[in-house]
Amino acid sequence: MLLAICPLYKLPGRNTIARQIDDLYTVMLGIRSSISCSCSYRQWCEYEKAIVDEFGAKKHLPCVAHTTNLVVEKAIDKTQEISKTGVKSGGVPVLLFKAREIVKYFKKSTKACDFLRNSQRVEGKKDGQFLKPLLDVKTKWNSSFYMIERFVLLASHFSQVLLTKSGKTRDIPNMATSSELRCIEDICSLLRPIEQLTRKLSTEKFIMSSKVITIIFYTKNEIVKQDPTFAIAKNFKLKIIEELDYRFESLDQSTIQSICTILDPRFKDMHFKSPLVNSKVQDKLVQMMD
């Protein structure tokens, strides 16, 4: 995106970034040894290196929202089957592609959109209440969730419009079958807790450090409790749980996150996986108070 807006722009190196941090936070130079500072980064190597060099490896945190984004992306990708030649096929991406092609058709066809509005008007909706199809963006997994969530709501109208226009033009996509639609509903249900997690993590007006361990714990529990019907959705559920365990396995071992959580009277040590970690955090707090 930066290259498209300003082709001549060159990303600064880690030394430049470290120098800029010093310039911006000169007030910290005299008291740096006596404070704890946590910095969140979006897993960008240059910034990560600069933050580690400037504040130390123990005083920065990975971006949990970005890590959650990776959880969903990798889980979706791993539902595909890989042939002997290395070609991926099937899985959740096929259903997302089918929904995406239908949404694209309605996005680029004015007549199809008119039919879609008329179909909703028959149900009693008025101007300003009509739902529009949403198209996803590759860089934001949330947009895929919003796309299939809206797709499920408009499925009956999509089917009616596509049936009306079938045979008139060649570029009309095939509507999702009944089983595919129910499978998309299962996928949507699995993604909803993670979408809620992402929205909570993306707040700018509240400090989230003390909530991270807890809300990830409850998000995983919500996904575990679900019982999808179709094989693709069941496989997707397993992959999401695997990715959550892999990427957030050592979250409670982060000193900053653990201290923030245990100091929050709402959570304390309720969601620590290991008693050893709990003991270490409490010992660290005692040392800080001495």
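These remarks concern the structure in this document.

Conventions we followed
Residues numbered from 1 in each chain as written. Predicted model: local features only at pLDDT ≥ 70, side-chain atom pairs only at ≥ 80, totals over all residues. Heavy atoms only, no water. Helix = DSSP H or I, 4+ residues; strand = E, 2+ residues; numbered from the N terminus. Expected span 1.5 Å × (residues − 1). Buried < 20%, exposed > 50% of the residue type's maximum accessible area, 1.4 Å probe, protein only. Contact = heavy atoms within 4.5 Å. Salt bridge = Lys/Arg side-chain N within 4 Å of Asp/Glu carboxyl O. Axes fitted to C-alpha atoms, helices over the stretch in contact; angles between N-to-C directions. Parallel < 35°, antiparallel > 145°, perpendicular 65-115°, else oblique. Left-handed = near helix turned anticlockwise from the far one by under 90°. Nonpolar A, V, L, I, M, F, W, Y, C, P; charged D, E, K, R; others polar. Patch = residues over 30% accessible without salt bridge, like charges linked within 9 Å, V, L, I, M, F, W, Y side chains within 5 Å. Areas by Shrake-Rupley, 256 points an atom, 1.4 Å probe, with all protein chains shown as cover. Polar contact = N/O pair within 3.5 Å; in protein donor to acceptor, adjacent residues only side chain to side chain. Phe/Tyr/Trp six-rings, centres within 6.5 Å; stacked < 30°, edge-to-face > 60°.

In this section: helix 5 (residues 92-108). Its 17 residues give helix 5 an end-to-end C-alpha distance of 24 Å, which sits within 8% of 24 Å, the value for a rise of 1.5 Å per residue. Considered for burial, the residues of helix 5 that qualify are V92, L95, L96, A99, I102, V103, Y105 and F106. Considering only its buried residues, helix 5 is in contact with helix 4 (64-78), helix 6 (110-122), helix 7 (141-165), helix 8 (178-201) and helix 10 (231-248).

Quick look at the pattern of salt bridges now. This structure, assessed with the given rule, holds 12 salt bridges. The partner of K78 in a salt bridge is E243, with the nearest N and O atoms 2.6 Å apart. Taken together, the residues span a long stretch of sequence, with K78 in helix 4 and E243 in helix 10 at a distance of 165 residues. Residue classification places K78 among the partly exposed positions, given a relative accessible area of 42%. The partner of E243 in a salt bridge is R247, with the nearest N and O atoms 2.9 Å apart. One end of the pair is E243 and the other is R247, both in helix 10 and four residues apart, which spans about a single turn. A single salt-bridge network, built from bridges that share partners, covers K78, E243 and R247.

This paragraph deals with the packing of helix 9 (residues 212-225) against helix 10. It is the contact of helix 9 with helix 10, at a shortest axis distance of 10 Å, that shows an interaxial angle of 160°. The orientation of helix 9 relative to helix 10 falls into the category roughly antiparallel. Pair helix 9 / helix 10 crosses with left-handed handedness. On helix 10, the residues that touch I216, K220, I223 and V224 of helix 9 are K237, I240, I241, L244, D245 and F248. Each residue belonging to the contact of helix 9 with helix 10 can be placed in one class, and the counts come to seven nonpolar, no polar and three charged.

The next subject is a nonpolar patch on the surface. On the surface, F217, Y218 and M270 cluster together into a nonpolar patch covering about 320 Å² of accessible area. Residue position: M270 is located in the loop between helix 11 (255-263) and helix 12 (275-289).

A separate point is the packing of helix 7 against helix 8. Two elements in contact, helix 7 and helix 8, have axes separated by 9 Å at closest approach and are oriented at 135°. Classified by the interaxial angle, the pair formed by helix 7 and helix 8 is oblique. Here helix 7 and helix 8 pass one another in a crossing that is left-handed. The segment helix 7 lies against helix 8, with W141, N142, F145, Y146, I148, E149, F151, V152 and A155 engaging L181, I184, E185, I187, C188, L191, R192, I194, E195, T198 and R199. Classifying every residue of the contact of helix 7 with helix 8 gives 13 nonpolar, two polar and five charged.

Time to look at the side chain of E195. Mapped onto the secondary structure, E195 falls in helix 8. Take E195: its relative accessible area is 5%, and that puts it in the buried class. A polar contact of 2.4 Å, which involves the side chain of E195, links it to the side chain of Y146.

All right, on to the environment of L61 then. Structurally, L61 is set in strand 2 (residues 60-62). The spatial distance from the C-alpha of L61 to the C-alpha of T255 is 10.0 Å, given a sequence separation of 194 residues.

Our next topic: the packing of aromatic side chains. Per the counting criterion, the structure on display carries five aromatic pairs. Ring centres of F106 and F158 lie 4.7 Å apart, and the angle between their planes is 40°; on these two criteria the pair is classed as tilted. With a gap of 52 residues between them, F106 in helix 5 and F158 in helix 7 connect regions that are remote in the sequence. Of the two residues, F106 and F158, both sit in the buried class. Between the aromatic rings of F151 and F158, the centroid separation amounts to 5.4 Å while the plane-to-plane angle is 40°, which identifies the pairing as tilted. Considered together, F151 and F158 belong to a single accessibility category, that of buried residues.

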